[in-house]
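Chain by chain, the residues run as shown.
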Amino acid sequence: MNLPEFHTQHILLGYSSEDDHLLFRNAVNDLPYLVHLSVAAGSQDVMTMLESISPLPALIILDLELSDRNGVECLKEIKGREKFAALPVIVYAKTAYPAIINELYESGAHLYIRKNEDVAGFKKLIHELLSFNWNDKIIRPPLDEFVLTT
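As the structure is a prediction and not an experimental result, all values here were calculated from the model.

(A) Seen up close, the nonpolar core. Counting residues in hydrophobic clusters, the biggest one holds 25 residues, and the most contacted among them are Val-46, Leu-50, Ile-60, Leu-62, Ile-78 and Leu-104. Listing elements by their share of this core, those giving two or more residues are helix H2 (43–52), strand S3 (59–63), helix H3 (71–80), strand S4 (89–93) and helix H4 (98–106). Not counting residues up to four positions away in its chain, the partners in contact with Leu-104 are Leu-64, Val-72, Leu-75, Val-91, Ala-109, Tyr-112 and Phe-146.

Structure representation (structure tokens):
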């Protein structure tokens, strides 16, 4: 009997609040396939983990409001290092400021998720995003399709 082959995706989550960490952890645990979720509580931890883990994650999900510095700076550091530049990064936050969204896009973020109080919708969106095989290097959308909301 041949069993279907399942690929485990490795996702790195850079978060600032324990609520976000638990939300992502619960979303991953509810998926019908395997996702290895590495978690980093701030930008320094994100960079330390990127330097030390192998293989690199297929995707980075980054909170814009990290505790030790903002997500834009962390994104720029990730994209500024040749070893990590090709990694897709999804940034999430509550802000709708066009200047920040444009800066994230120009800095190389793959997508921006705008959070709101709809926890169920946010979890559903995370499920949809994690259902993609990020190892296939999904193409970054144009700016007008860059922002996703729940």
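(B) Structural view of the packing of H2 against H3. Packing of H2 against H3 leaves a shortest axis separation of 10 Å and a crossing angle of 15°. When the interaxial angle is binned, H2 and H3 end up roughly parallel. Pair H2 / H3 crosses with right-handed handedness. Of the residues in H3, those in contact with Ser-43, Val-46, Met-47 and Leu-50 of H2 are Cys-74, Glu-77 and Ile-78. Looking at side-chain class alone, the contact of H2 with H3 contains five nonpolar, one polar and one charged residues.

(C) Spotlight on H3. By the burial criterion, the buried members of H3 are Gly-71, Val-72, Cys-74, Leu-75 and Ile-78. Taken around the axis of H3, the buried residues stretch over an arc of 160°, which confines them to a single face. The N-cap residue of H3 is Asn-70: its side-chain oxygen and the backbone nitrogen of Val-72 are 2.8 Å apart.

(D) Layout of H4. By the burial criterion, the buried members of H4 are Ile-101, Leu-104 and Tyr-105. Seen along its axis, H4 keeps its buried residues to an arc of 100°; they face one direction. For H4, the exposed residues lying more than 90 degrees away from the buried face are Ala-99 and Glu-106. Buried-residue contacts for H4 involve H3, S4, strand S5 (111–114) and strand S6 (147–149). Remark: Gly-108 follows H4 within two positions and exhibits a positive phi of approximately 105°.

(E) Structural detail: the environment of Gln-9. Assignment of secondary structure puts Gln-9 in strand S1 (residues 9–14). Take Gln-9: its relative accessible area is 5%, and that puts it in the buried class. Taking the C-alpha atoms as reference points, Gln-9 and Lys-94, 85 residues apart in sequence, are found 26 Å from one another. The contact partners of Gln-9, leaving out residues within four places of it in the chain, are Leu-34, Val-35, His-36, Ala-58, Leu-130, Phe-132, Asn-133, Trp-134 and Asn-135.

(F) How the structure looks around the sheet that holds S3. On the basis of which strands lie adjacent, the open sheet formed by six strands has the order S2-S1-S3-S4-S5-S6 and parallel pairing. In this open sheet, the two edge strands, each paired with only one partner strand, are strand S2 (35–40) and S6. Here the strands of the sheet are splayed against their neighbours by 20° on average, with no regard to which way each runs. Relative to S3, S1 runs parallel, the two sharing four bridges. By the bridge assignment, Gly-14 is partnered in S3 with Leu-62. Sheet strands touched by helix H1 (residues 18–29): S1, S2, S3 and S4. Its angle to S2, the strand with the most contacts, is close to 170°.

Parameters at a glance
Residues numbered from 1 in each chain as written. Predicted model: local features only at pLDDT ≥ 70, side-chain atom pairs only at ≥ 80, totals over all residues. Heavy atoms only, no water. Core = buried A, V, L, I, M, F, W, Y, C linked by side-chain atoms within 4.5 Å. Buried < 20%, exposed > 50% of the residue type's maximum accessible area, 1.4 Å probe, protein only. Helix = DSSP H or I, 4+ residues; strand = E, 2+ residues; numbered from the N terminus. Contact = heavy atoms within 4.5 Å. Axes fitted to C-alpha atoms, helices over the stretch in contact; angles between N-to-C directions. Parallel < 35°, antiparallel > 145°, perpendicular 65-115°, else oblique. Left-handed = near helix turned anticlockwise from the far one by under 90°. Nonpolar A, V, L, I, M, F, W, Y, C, P; charged D, E, K, R; others polar. Arc of directions from axis to C-beta. Polar contact = N/O pair within 3.5 Å; in protein donor to acceptor, adjacent residues only side chain to side chain. Pairing = 2+ DSSP bridges.

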